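# Observations on the three-dimensional arrangement
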Amino acid sequence: MTAFLGRLAVVAAVAFVLPVSAAAAPAAAALPAGTVSGIDVSTWQAGIDFTDVGADGYQFVIVKAGGSQLSEGPYTGSQYAIQVDGARAAGLKVGHYWLAGDFQAPVQAADYFADHLHDYRPGDVIALDNEVLDDSTRLWNDTDVATFFQHMRDRIGNQVPWLYMGAADLRSGTWPRTITAGVKLWVASWGANNGSYPGEPNLGGAYPTWSAHQYSSSGSTGGIASVDLNVAKPSAFEIVDGAPVDPPPDDPLPKTTTEQDGIPGPIFYQRMQNWLRITAGYTGPIDGVPGVNTYAALQRAMRNYGYTGPIDGVPGPNTWKAVQRLASGWGYTGPIDGVMGPNSWRGLARFLNQDQWD
């Protein structure tokens with residue numbers, strides 16, 4: 001996982017029940033009541049002795065399967081199968097994690113991950129590590145994450161889905177589709193990073209609650225001196241059944257005529273609001289009357305197109321420059337100057353007239 005290196009080692013069988021006791025974690029860590037303890041591993045923990053891990057009181061292991069953050073393409077970790085087998089043989093609950101990246105779209109990544117799962121058993125944790133590492137340049141957004149887990153469900157059936165993110169990265173976005181899909185949050189928040197529990201992570205309202213908390217990278221177990229330490233609530237290991245991420249709307253929105261006339265009107269803004277509802281955390285009405293909440297969501301969406309200003313809901317030239325960059329992929333050929341005109345609006349309208357924003 002990032003500076004949170006090598007992390008997701010996951011969880012085992014459907015009927016497996018995790019005992020909750022004082023032995024769930026080393027005595028040095030003052031863990032939240034009712035939680036169970038575990039670690040996550042990758043190639044950085046090659047040779048780890050999982051029998052010793054269990055003897056130290058850990059109960060689950062999240063294992064890195066691979067990732068798509070490298071420009072040369074997706075890969076499977078050299079220790080993945082070895083660590084899954086070792087953790088399972090030691091009686092630990094097992095999970096599998098995939099590192100997101102720029103070099104596969106979510107559906108492609110889910111297919112590769114599903115095709116290369118080793119000894120996956122229903123009830124194992126399926127985790128997505130969403131952070132920027134190596135050759136990648138951006139976090140996956142809410143739609144990316146929800147699409148990944150939906151496709152994993154299509155491939156392997158109902159699952160135990162975990163989203164791993166650093167607390168600051170989590171707070172920088174909104175995750176309505178991911179939350180609706182029932183994905184459980186695995187948050188990294190280390191505090192002093194001295195092996196002791198730093199207290200509750202600050203989610204900033206970005207997620208209803210955490211299910212697992214990676215609280216340090218300075219653990220020592222199984223003969224390895226640097227291991228990520230985690231606690232999890234027992235509910236973190238419950239299977240989520242397969243409701244669709246977004247039910248289809250009862251009344252699809254009409255297409256906007258702005259694509260032809262270059263003049264934005266209520267239908268144009270309704271389509272914009274629906275797009276922002278799906279992808280950027282807009283929670284207001286789909287009424288075609290843009291206000292501060294609409295424009296704040298637009299600014300969040302424009303992070304992917306070079307916008308670096310505040311999320312204040314007051315669009316200015318930098319917001320509109322980013323919009324023009326988006327529109328340039330949809331037929332706009334004018335300058336990136338932050339001055340919206342008919343051609344800029346037409347390009348954006350072509351984007352908004354996609355069926356997926358109906």
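Data block above holds the structure.
Small disclaimer: the values here were computed from a predicted structure and weren't measured.

Turning our attention to the pattern of salt bridges. Enumeration over the complete set of coordinates arrives at 9 salt bridges. Notably, a salt bridge pairs Asp124 with Arg88, separated by 2.8 Å at the nearest N-O pair. One end of the pair, Asp124, is in the loop between α3 (106-115) and β6 (125-129); the other, Arg88, is in helix α2 (residues 80-89), and 36 residues separate them in sequence. Note on Asp124: relative accessible area 0%, which makes it buried. With its nearest N and O atoms 2.6 Å apart, the salt bridge here joins Arg271 to Asp358. With Arg271 in helix α8 (residues 266-279) and Asp358 in the segment after α11 (342-352), the pair connects residues that are 87 residues apart, well separated along the chain. For the residue pair Arg271 and Asp358, the accessibility class agrees, reading buried in each case. Look at the salt bridges and you will find they share partners, linking Arg88, Asp119, Arg121 and Asp124 into a network.

Considering the arrangement of structural elements, one finds Trp357 in the segment after α11. Beyond its immediate sequence surroundings of up to four residues, Trp357 is in contact with Leu253, Arg271, Asn274, Trp275, Ile278, Thr279, Phe351 and Leu352.

Before going further, it helps to examine the packing of aromatic side chains. Inspection of every chain in the model, using the stated rule, returns 18 aromatic pairs. Centroid distance Phe60 to Trp162: 6.1 Å. Interplanar angle 85 degrees. Geometry classified as edge-to-face. Remark: Trp162 occurs in strand β7 (residues 160-166) and Phe60 occurs in strand β3 (residues 60-67); sequence separation between them is 102 residues. There is no split in this pair, since Phe60 and Trp162 are both buried. Aromatic ring contacts, followed pair by pair, group Trp98, Tyr112, Phe113, Trp140, Phe148 and Phe149 into a single cluster. Positioned over the ring face of Trp210 is Lys233, at 4.4 Å from the centre of the ring.

Parameters and conventions
- Residues numbered from 1 in each chain as written.
- Predicted model: local features only at pLDDT ≥ 70, side-chain atom pairs only at ≥ 80, totals over all residues.
- Heavy atoms only, no water.
- Salt bridge = Lys/Arg side-chain N within 4 Å of Asp/Glu carboxyl O.
- Helix = DSSP H or I, 4+ residues; strand = E, 2+ residues; numbered from the N terminus.
- Buried < 20%, exposed > 50% of the residue type's maximum accessible area, 1.4 Å probe, protein only.
- Contact = heavy atoms within 4.5 Å.
- Phe/Tyr/Trp six-rings, centres within 6.5 Å; stacked < 30°, edge-to-face > 60°.
- Lys NZ or Arg CZ within 6 Å of the ring centre and 35° of its normal.

All we've got here are geometric facts, nothing functional implied.
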